[in-house]
Amino acid sequence: MKRKVWQGDVLRFIRRHVSGTRNLDFQYLSEEITSASLAPARISEIINVSRSGHIGRPEFDGREALFYDRFFAGKDLAVISGKLKGFVEEEKLDFPSPLGTEEDTDETYIRRFLRYGLSNLYTPDTEEGKEEADESGPLPDISEGRSGPAPEPVLNGGPEREYREEDNTEASVLASGERSLASVVRQNWFVLFLLAFFFLVSSMYLFASGISLTELFLGLFHLPLPAFAPLALLLAILPKAAGLWEASAAYRRYKKQSEGAGSFWTIAKFGAEDTVVPGRGVFDAGQINMQYGLFSNLTGALCTIAFYLHASELEGFSSFVASHPADVFLFLLILASAAISICWDFLMQMRPLPEETDSLSENPSNYLMGRLHVLATMLHLMLTLVFDGAMILYLLWYGYAERFSHPVLSYSFIFVICTIAFYLWFASVSPHARALKVDCGWLIHMIPVMSAITLYYVFRDFALSPSSAVCLAADLLCLFVWSRYLPAGRNVVQGT
């Protein structure tokens, strides 16, 4: 179904398809007509409208001649007219079409589009409420009520940065809610290129130096505990520390631009105090998100430390790893962990733009790959997955090779079971996870898999002992906790 063309369509077509135009050109034109300053974010909101309630600029009504002279005079009208026809078909716009007569030219077609579009100030969703708005006065400007100008919604850079066509394309995608996988890749292509470039250079360096991936794994494992444990914990804290630093920088920029009192966490998360500015949010510094992300990372780091402690108790483990290199497996593990971290980031970016600035909704702009906290999270996730995955492989391999000797299991293995179960519970079904509606609720169902593998490892490779009985009891307890989150028991748990 076609809809009536409105002012936002005119501005969006000019911005995207007429070369050399910027958002600032519309701002300057408005200020030239009215002799009054205009909040920079207001023009972008008209161009990238994502919900009803936005209105155009009254001063643009009836100014089609000025728009034509400013943006189309001296240009190749045949090319622009062709682009305009494609734009009208793509957006399914309704306005008087060409008559097909000799008098109707590319110029008259463009002028007709400007005349009908600029005269309609209302989005299609608010067209029905136009009469009510006219009786009670104009709809309030979205920038009214603020003590200073709103921050300009840019993706990477300060408010003084000029818009380029590709910048507006990304902002338009963020604002419109159109976040397909292709659009997300297009938004993050440069960071992906840099990561691939770094991976290639690192691989070439390791190859030229004759350093294998197994040697890198052993290098981490040979670190003393006073160095290994703080390193794992520091890596877990780094993403949130980087996010707070970015949030502070964004808040300082906002305070420098605006005299308003804005809340620190809303400015950092949404880019403005009372609206979601596409591309402007950098980090969610809310209490629940901070606690959930921080303790998820810390419990994951505890799993890594628990693996380290248990493997350190096994006699001859380092020699076994050195004599049984698994470079191909480690390389595939690195690729898999990189794919998992990138998919996590892309899924977060493909979430819909939140309608309100509440404390629980996710802003996809916070997960652009250029954010430092996103890169730190991906680094933590990759290193944790690679180290823990390599530990699981070598522990099972070593245990199988030593199965006939039946050594006594070290009590340190109880930490492996408990930390993994604690991480799976907290990251998936804890009150914080349910409040944030995280996408990893399925992790709770990895507890039976963990219990089966650990029991197989304990009773296949080690002698019966009090330590193995304790591990059995711990696994049974984990399975009991997991059973409480099955469909039959979920209401009982949530009702307590």
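Use the structure listed above.
What comes next concerns the included structure. What you see is a predicted model, and the numbers here were worked out from it, not measured in a lab.

About the thresholds
Residues numbered from 1 in each chain as written. Predicted model: local features only at pLDDT ≥ 70, side-chain atom pairs only at ≥ 80, totals over all residues. Heavy atoms only, no water. Helix = DSSP H or I, 4+ residues; strand = E, 2+ residues; numbered from the N terminus. Contact = heavy atoms within 4.5 Å. Areas by Shrake-Rupley, 256 points an atom, 1.4 Å probe, with all protein chains shown as cover. Phe/Tyr/Trp six-rings, centres within 6.5 Å; stacked < 30°, edge-to-face > 60°. Buried < 20%, exposed > 50% of the residue type's maximum accessible area, 1.4 Å probe, protein only. Polar contact = N/O pair within 3.5 Å; in protein donor to acceptor, adjacent residues only side chain to side chain. Patch = residues over 30% accessible without salt bridge, like charges linked within 9 Å, V, L, I, M, F, W, Y side chains within 5 Å. Salt bridge = Lys/Arg side-chain N within 4 Å of Asp/Glu carboxyl O. Disulfide = S-S within 2.5 Å. Axes fitted to C-alpha atoms, helices over the stretch in contact; angles between N-to-C directions. Parallel < 35°, antiparallel > 145°, perpendicular 65-115°, else oblique. Nonpolar A, V, L, I, M, F, W, Y, C, P; charged D, E, K, R; others polar. Core = buried A, V, L, I, M, F, W, Y, C linked by side-chain atoms within 4.5 Å. Expected span 1.5 Å × (residues − 1). Arc of directions from axis to C-beta.

In terms of regular secondary structure, the protein chain is built from 22 helices and two strands. Nonlocal contacts in the protein chain, meaning residues at least 24 apart in sequence, comprise 75% of its contacts between residues at least 6 apart. Carbon and sulfur atoms form 64% of the exposed surface of the protein chain, whose accessible area is close to 24400 Å².

Once that is clear, we can look at the packing of aromatic side chains. Under the criterion given, the structure shown has 30 aromatic pairs. Both rings, one in phenylalanine 60 and one in phenylalanine 67, keep their centres 5.0 Å apart while their planes meet at 80°; by these two values the pair is edge-to-face. One exposure class covers both phenylalanine 60 and phenylalanine 67, and it is buried. Aromatic pair phenylalanine 221 and tyrosine 308: ring centres 5.7 Å apart, planes at 65°, arrangement edge-to-face. With phenylalanine 221 in helix α11 (residues 213-221) and tyrosine 308 in helix α14 (residues 287-312), this pair connects stretches of sequence that are 87 residues apart. For tyrosine 308, a relative accessible area of 6% corresponds to the buried category.

Positive phi, normally seen in glycine, also occurs at lysine 92, with a value near 55°. Mapped onto the secondary structure, lysine 92 falls in the loop between α5 (77-91) and β2 (93-94). Judged by its relative accessible area of 45%, lysine 92 is partly exposed. The phi dihedral of lysine 437 is positive, around 55°, even though this residue is not glycine. Along the chain, lysine 437 turns up in the loop between α19 (431-436) and α20 (447-461). Judged by relative accessible area, lysine 437 falls into the exposed class, the value being 66%.

So, about the side chain of serine 428. You can see serine 428 is positioned in helix α18 (residues 413-429). Only 2.4 Å separates the side chain of serine 428 from the backbone oxygen of leucine 424, close enough to count as a polar contact. Apart from the residues lying within four places of it in its own chain, the contact partners of serine 428 are Ala433, Val438, Cys440, Gly441, Leu443 and Ile444.

Once that is clear, we can look at a nonpolar patch on the surface. On the surface, Trp189, Phe190, Phe193, Leu194, Phe197 and Val201 cluster together into a nonpolar patch covering about 640 Å² of accessible area. For leucine 194, the position within the fold is in helix α10 (residues 189-209). On the basis of relative accessible area, leucine 194 is assigned to the partly exposed category, the value being 41%.

All told, the structure shown has zero disulfides when counted by the stated rule. With no disulfide of its own, cysteine 478 lies closest to cysteine 418 among cysteine sulfurs, the gap being 6.2 Å. With a relative accessible area of 10%, cysteine 478 lands in the buried category.

Time to look at the packing of helix α1 (residues 7-17) against helix α6 (residues 106-119). Closest axis-to-axis distance for the α1/α6 pair is 6 Å, and the angle between their directions is 130°. For the element pair α1 / α6, the angle class is oblique. Residues Gln7, Asp9, Val10, Phe13 and Ile14 of α1 lie in contact with α6, whose contacting residues are Phe113, Leu114, Gly117 and Leu118. For the contact of α1 with α6, a count of residues per class yields six nonpolar, two polar and one charged.

The biggest cluster of nonpolar side chains holds 57 residues, and the ones touching the most others in it are Phe317, Met391 and Phe413. Looking at which element gives the most residues to this core, the answer is α18, with 10 residues. Residues within four places of phenylalanine 317 in sequence aside, it is in contact with Phe221, Ala311, Met391, Tyr394, Leu395 and Tyr398.

Let's shift gears to the environment of valine 408. With respect to the helices, strands and loops of the structure, valine 408 is situated in the loop between α17 (372-401) and α18. The class for valine 408 is exposed, based on a relative accessible area of 60%. As for valine 408 and serine 468, which are separated by 60 residues in sequence, their C-alpha atoms are 8.3 Å apart. Apart from residues no more than four positions distant in its own chain, valine 408 is found in contact with Phe462, Ser465 and Ser467.

The next thing to look at is α5. Relative to the 21 Å expected for 15 residues at 1.5 Å per residue, α5 spans 20 Å between its end C-alpha atoms, a close match to the ideal helical length. Buried within α5 we find Leu77, Ile80, Ser81, Leu84, Phe87 and Val88. For α5, the angular spread of buried residues about the axis comes to 120°, placing them on one side. Exposed residues lying more than 90 degrees from the buried face of α5 are Glu89 and Glu90. Buried-residue contacts for α5 involve α1, α4 (64-71), β2 and α6. Of the residues trailing α5, lysine 92 is marked for its positive phi of about 55°.

When two helices pack together, their arrangement is given by the angle between the helix axes and by the axis-to-axis distance. Running from amino to carboxyl end, α11 crosses α17 at an angle of 95°, the nearest separation of the two axes being 11 Å. Taken as axis vectors, α11 and α17 run roughly perpendicular relative to one another. Residues Thr214, Phe217, Leu220 and Phe221 of α11 pack against Phe387, Ala390, Met391 and Tyr394 of α17.

Now for the side chain of threonine 384. Residue placement: threonine 384 occurs in helix α17. For threonine 384, the side chain forms a polar contact with the main-chain oxygen of histidine 380, separated by 2.7 Å. Excluding its chain neighbours within four sequence positions, the residues that come into contact with threonine 384 are Gly300, Thr304 and Gly389.

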